[in-house]
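# Structure assessment
Each chain is listed here by its residues.
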Amino acid sequence: MSQITPQEIEGAANFLRAKVNFPLQLGIILGSGLSGLADRAEKSIAVPYGTIPHFPQSTVEGHSGKFVGGFIEETSVLMMQGRVHFYEGYAMPQVAMGVRLMAALGVRTLIVTNAAGAVNPNFTPGDFMLIQDHLNFMGVNPLIGKHYSEWGERFVDQSDTYTPELMARARGVGKALNVTLREGVYAALTGPTYETPAEIRMLRTLGADACGMSTVPEVIVARQCGMRVLGLSIITNMGAGMASPLHHSEVVEIAEKRKVDFQNLLSGIIKSINAE
Ligand code: HPA
């Protein structure tokens, strides 16, 4: 597993800090087809991943690959527009490097978003789901490897991975905006294949409500860094075997259809966090 050192993080952080040079209240990772929120940022500064020393490139369609710093609802935010996935061939420390970088820039609260398939048969494509907890079926963990004590604990507690108080805020915003928020457990698999119908049945038996190919590595690192975490999924399709065969274009299309509501929900949550 390819390691990242504190020196590399510091080098990358110094580069990013020189461009995004204001105190940050919030970090946001924008998933597949959800990157439009960055267009709402005022006084924004974009920093392509490719320009940042030691930073891996995102190669997926629908993930443009840059940090965007700016202001949303008068809140200073640093967004990752496009993330780095394990299935692209990067090692876990690289996949979660953006979160370490955010931490180095002072981010203490992180909102993580993704597109996910429904495992829970009561869900419908287009639903939004608040992530209550996760199942790591990636078979690896981003904290494997040399431990640097300045990064936090070696053995990270995962009892309250998704911060209850942020979940309560998100529920309140959903109610106020009249946006239905499902809640459930997100299972992360490596991809890039979608699951088999048997795997979807297995995931359901094991307590998953939705599944995807991201989020868990970033959340684990965020928790090691001591960040508060809120996770939100957009359900773009029913899991394999529950409806029609899956295609990435469907994922992008549903996310696109729901983007205004999703961005409104996120903006409301950002405002509510700013008012804390
Ligand atoms: N499975 C895994 N990842 C996904 C899915 C899915 O059904 N939909 C969007 N991302």
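In what follows, the accompanying structure is described. Since we're looking at a predicted model, the values are computed, not measured.

Cut-offs applied
Residues numbered from 1 in each chain as written. Predicted model: local features only at pLDDT ≥ 70, side-chain atom pairs only at ≥ 80, totals over all residues. Heavy atoms only, no water. Helix = DSSP H or I, 4+ residues; strand = E, 2+ residues; numbered from the N terminus. Buried < 20%, exposed > 50% of the residue type's maximum accessible area, 1.4 Å probe, protein only. Contact = heavy atoms within 4.5 Å. Patch = residues over 30% accessible without salt bridge, like charges linked within 9 Å, V, L, I, M, F, W, Y side chains within 5 Å. Areas by Shrake-Rupley, 256 points an atom, 1.4 Å probe, with all protein chains shown as cover. Salt bridge = Lys/Arg side-chain N within 4 Å of Asp/Glu carboxyl O. 1 Å grid on protein atoms, 1.4 Å probe; cavity = no way out; pocket = protein on both sides within 12 Å on 5 of 7 lines; lining within 4 Å. Points joined across faces, edges and corners; volume = space filled by probe spheres on them. Nonpolar A, V, L, I, M, F, W, Y, C, P; charged D, E, K, R; others polar. Near = heavy atom within 4 Å. Polar contact = N/O pair within 3.5 Å; in protein donor to acceptor, adjacent residues only side chain to side chain. Pairing = 2+ DSSP bridges. Phe/Tyr/Trp six-rings, centres within 6.5 Å; stacked < 30°, edge-to-face > 60°. Lys NZ or Arg CZ within 6 Å of the ring centre and 35° of its normal. Core = buried A, V, L, I, M, F, W, Y, C linked by side-chain atoms within 4.5 Å.

### A few points about the environment of Phe-123
Here Phe-123 is to be found in the loop between strand E5 (109-118) and strand E6 (128-136). Residue classification places Phe-123 among the buried residues on the basis of a relative accessible area of 6%. A C-alpha to C-alpha distance of 9.9 Å links Phe-123 and Glu-183, two positions 60 residues apart in sequence. Beyond its immediate chain neighbours, meaning those up to four positions away, Phe-123 contacts Ala-118, Met-129, Arg-182, Glu-183, Asp-209, Ile-235 and Met-238.

### A closer look at helix H3 (residues 97-104)
An α-helical turn contains 3.6 residues, so any two residues separated by three or four positions project in the same direction. When you tally the buried positions in H3, you get 7 out of 8 residues, the bulk of the element. For H3, the full list of buried residues reads Met-97, Gly-98, Val-99, Arg-100, Leu-101, Met-102 and Ala-103.

### Quick word on a nonpolar patch on the surface
A cluster of nonpolar side chains, Phe-137, Met-202 and Leu-206, forms an exposed patch at the surface whose accessible area comes to about 250 Å². Within the fold, Phe-137 resides in the loop between E6 and helix H4 (164-177).

### Some remarks on the layout of surface pockets
Size it by volume and the second largest pocket reaches roughly 170 Å³. If you go around the second largest pocket, the residues you meet are Pro-6, Ile-9, Glu-10, Arg-100, Ala-103, Ala-104, Arg-108, Glu-150, Trp-151, Gly-152, Gln-224 and Cys-225. Those elements giving two or more residues to the lining of the second largest pocket turn out to be helix H1 (6-19) and H3. Partitioning the lining of the second largest pocket into residue classes produces 6 nonpolar, 2 polar and 4 charged.

### Focus: the site of the ligand
Taken together, Ala-115, Ala-116, Gly-117, Tyr-194, Glu-195, Cys-211, Gly-212, Met-213, Thr-236, Asn-237, Leu-246 and Val-251 are the residues near the ligand. Measuring from a nitrogen atom of the ligand, one finds a backbone N or O atom of Gly-117 at 3.3 Å. Within the contact set of the ligand, a nitrogen atom lies 2.7 Å away from a side-chain nitrogen or oxygen of Asn-237. For the shell around the ligand, the elements supplying multiple residues, two or more each, are E5, strand E8 (210-212) and strand E9 (228-238). The residue makeup of the shell around the ligand, split by class, is 7 nonpolar, 4 polar and 1 charged.

### Let's talk about the pattern of salt bridges
Opposite charge on two side chains permits them to pair, given that their charged atoms come into close proximity. Tallying each qualifying case throughout the model produces 10 salt bridges. Among the ionic pairs, Glu-10 bridges to Arg-17, the shortest N-O distance being 3.6 Å. Judged by its relative accessible area of 36%, Glu-10 is partly exposed. Across the pair Glu-276 and Arg-169 runs a salt bridge whose closest N-O atoms are separated by 3.1 Å. In this pair, Glu-276 is assigned in the segment after helix H8 (259-274) and Arg-169 in helix H4, connecting sequence segments 107 residues apart.

### Comments concerning the pairing of E6
Sheet topology note: the E6/strand E7 (residues 181-188) ladder contains 8 bridges and is parallel. Each residue of the ladder has a partner; that of Leu-135, found in E7, is Ala-187. Pairing of E6 with E9, which is carried by 3 bridges, proceeds in the antiparallel orientation. Note that in E9 the partner of Met-129 across the bridge is Ser-233.

### Remarks on the packing of aromatic side chains
Considering all chains together, one arrives at 6 aromatic pairs under this definition. Here the aromatic rings of Phe-128 and Phe-262 are separated by 5.1 Å at their centres, their planes lie at 65°, and the arrangement is edge-to-face. Taken together, the residues span a long stretch of sequence, with Phe-128 in strand E6 and Phe-262 in helix H8 at a distance of 134 residues. This pair shows no difference in class: Phe-128 is buried, exactly as Phe-262 is. Cluster of aromatic residues (ring-pair linked, three or more members): Tyr-49, Phe-55 and Phe-67. Here the basic side chain of Lys-43 rests over the ring of Phe-71, its NZ or CZ set 5.1 Å away from the ring centre.

### Here we look at the environment of Met-242
On the secondary structure map, Met-242 appears in the loop between E9 and helix H7 (248-257). Considered as a pair, Met-242 and Asn-120 are 122 residues apart in the sequence and their alpha carbons are 9.7 Å apart. With near-sequence residues (within four places) excluded, Met-242 lies in contact with Ala-118, Val-119, Asn-120, Pro-121, Ile-200 and Arg-204.

### Examining the nonpolar core
The tendency in soluble globular proteins is for nonpolar side chains to be buried side by side. If you look at the biggest cluster of nonpolar residues, it comprises 82 residues, and the most contacted ones within it are Phe-67 and Met-79. The next biggest cluster of nonpolar side chains, apart from the first, holds 9 residues, and it includes Val-119, Leu-203, Ala-208 and Ala-240.

### Some remarks on empty space enclosed by the protein
For the coordinates displayed, the defined rule picks out 1 cavity of 30 Å³ or more. Put simply, the largest cavity is a space of about 150 Å³. In this structure, the largest cavity is lined by 17 residues; those nearest its centre are Arg-100, Pro-142, Leu-143, Lys-146 and Trp-151. Put simply, the parts of the chain that give the lining of the largest cavity at least two residues each are helix H2 (92-95) and helix H6 (216-224). Of the residues contributing to the lining of the largest cavity, the split by class is 10 nonpolar, 4 polar and 3 charged.

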